[in-house]
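Secondary and tertiary structure notes
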Amino acid sequence: MIAIIFAKNSQRLQNKHNMEICGEKMIDRISRTLSETGRFCNIILFTKNFSLKSNFAVTEEDNTNGILFDSILYCLEKYHEFLAIGGDMPYIDKKSIENILDNYKGNSVAYKSGNFYQPLFAIYSMDVEQPMLKSRKDGNGSIRKFMYEYSMLYIEGDQERLKSINTEEDLIDARKNLRCP
């Protein structure tokens, strides 16, 4: 299995993927955590910001039109199966990663907390390719809407582990709440 880290440019918190948390860049923290599981043959940083680099991932330029749905669909068509993770999710830990991998049985699966699907902590596989293509052709631009309409398989996840960094306050909270070695 491969892992793909999706790191789009942020309007609210510029350059957030390079910001430091626990003594390392956020993007390195996420890719290192993926690497330390030992369960991925490749880790890809998929981004429109080609200057963004990680010590634990290979950078691939995202040439899609800019919405997450198209980026995920492109990666699905190219790689057929992958763990998608947000490049702004520094709370993710090895236990959460191993939990979703252990619950993957060949069909796409996502973390869900309450009634909230997390499209950027999900495993996508070929079972959703044709339904995604049809949904996109029908004008759907929301991957989360697709997940609900498709009734994508899910596992209950810890919402705290799925937090994203979108504002300066989120970054301050992460630096305070994460237990740094």
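The shown structure was predicted, so the numbers you read here are calculated from the model rather than taken from an experiment.

Description of the side chain of D88
Its place among the elements puts D88 in the loop between strand 6 (81–86) and helix 3 (94–102). Its relative accessible area of 10% is what places D88 among the buried residues. Ignoring anything within four residues of it in the chain, the contact list for D88 reads K16, H17, M26, I30, K163, S164, I165 and N166.

Quick look at the UniProt feature "domain: MobA-like NTP transferase" (unreviewed entry) in the protein
Feature annotation in UniProt assigns "domain: MobA-like NTP transferase" (unreviewed entry) to the following positions: residues 9–148. Within residues 9–148, the helical portion is 34% and the strand portion 25%, while the C-alpha atoms at the span's ends are 26 Å from each other.

Thoughts on the packing of helix 2 (residues 68–79) against helix 4 (residues 129–137)
Contact geometry for helix 2 and helix 4: axes closest at 11 Å, N-to-C directions at 145 degrees. The element helix 2 and its partner helix 4 pack so that their crossing is left-handed. Contacts between helix 2 and helix 4 involve F69, D70, I72, L73, L76 and E77 from the former and E129, M132, L133, S135 and R136 from the latter. Tallied by class, residues from the contact of helix 2 with helix 4 come to six nonpolar, one polar and four charged.

Overview of the sheet that holds strand 1 (residues 2–7)
The mixed open sheet is built from seven strands, whose spatial order is 5-4-1-6-8-7-9. Of all strands in the sheet, those with a lone pairing partner are strand 5 (58–61) and strand 9 (153–156), marking the two edges. For this sheet, the mean angle separating the axes of adjacent strands, direction not counted, is 30 degrees. The sheet contact formed by strand 7 (residues 109–113) and strand 8 (residues 116–125) spans five bridges and is antiparallel. Bridge pairing links K112 to Y117 in strand 8.

What to know about the pairing of strand 8
Of all ten residues in strand 8, nine are buried; the element is thus mostly enclosed. Hairpin connection, strand 7 to strand 8: the antiparallel pair is bridged by two residues, and G114 has positive phi, about 65 degrees.

A look at the nonpolar core
Counting 57 residues, the largest nonpolar core has F6, L34, F82, F121, Y124 and M132 as its most contacted members. With sequence-adjacent residues up to four places away left out, F6 is seen in contact with F46, L68, S71, I72, C75, F82, A84, I85, G86, G87 and L120.

Quick word on the state of the cysteines
Under the definition given, this model contains zero disulfides. C41 carries a free sulfur, and the closest cysteine sulfur to it, the one in C75, is 14 Å from it.

Observations regarding the pattern of salt bridges
Inspection of the entire model under this criterion finds eleven salt bridges. The salt bridge involving D93 is made with R161; its shortest N-O contact spans 3.2 Å. Here the residue D93 occupies a position in the loop between strand 6 and helix 3, and R161 occupies one in the loop between strand 9 and helix 6 (168–177), the gap between them amounting to 68 residues. Residue class for R161 comes out partly exposed when judged on its relative accessible area of 26%. Put simply, K145 and E149 hold a salt bridge, and the shortest N to O gap is 3.8 Å. Remark: E149 and K145 occur in helix 5 (residues 143–150); sequence separation between them is four residues, near one turn of the helix. Among the residues examined, K145 registers a relative accessible area of 42% and is labelled partly exposed. You can call E149 exposed: its relative accessible area is 53%. It is possible to trace a salt-bridge network through shared partners that takes in K8, K48 and D62.

Regarding helix 4
The complete set of buried residues in helix 4 reads E129, M132 and S135. The buried residues of helix 4 occupy an angular sector of 130 degrees when projected down its axis, which confines them to one face. Exposed residues pointing more than 90 degrees away from the buried face of helix 4 are listed as Q130, K134 and K137.

Analysis parameters
- Residues numbered from 1 in each chain as written.
- Predicted model: local features only at pLDDT ≥ 70, side-chain atom pairs only at ≥ 80, totals over all residues.
- Heavy atoms only, no water.
- Helix = DSSP H or I, 4+ residues; strand = E, 2+ residues; numbered from the N terminus.
- Buried < 20%, exposed > 50% of the residue type's maximum accessible area, 1.4 Å probe, protein only.
- Contact = heavy atoms within 4.5 Å.
- UniProt positions renumbered as here; feature names shortened; annotations may be inferred.
- Axes fitted to C-alpha atoms, helices over the stretch in contact; angles between N-to-C directions.
- Left-handed = near helix turned anticlockwise from the far one by under 90°.
- Nonpolar A, V, L, I, M, F, W, Y, C, P; charged D, E, K, R; others polar.
- Pairing = 2+ DSSP bridges.
- Core = buried A, V, L, I, M, F, W, Y, C linked by side-chain atoms within 4.5 Å.
- Disulfide = S-S within 2.5 Å.
- Salt bridge = Lys/Arg side-chain N within 4 Å of Asp/Glu carboxyl O.
- Arc of directions from axis to C-beta.

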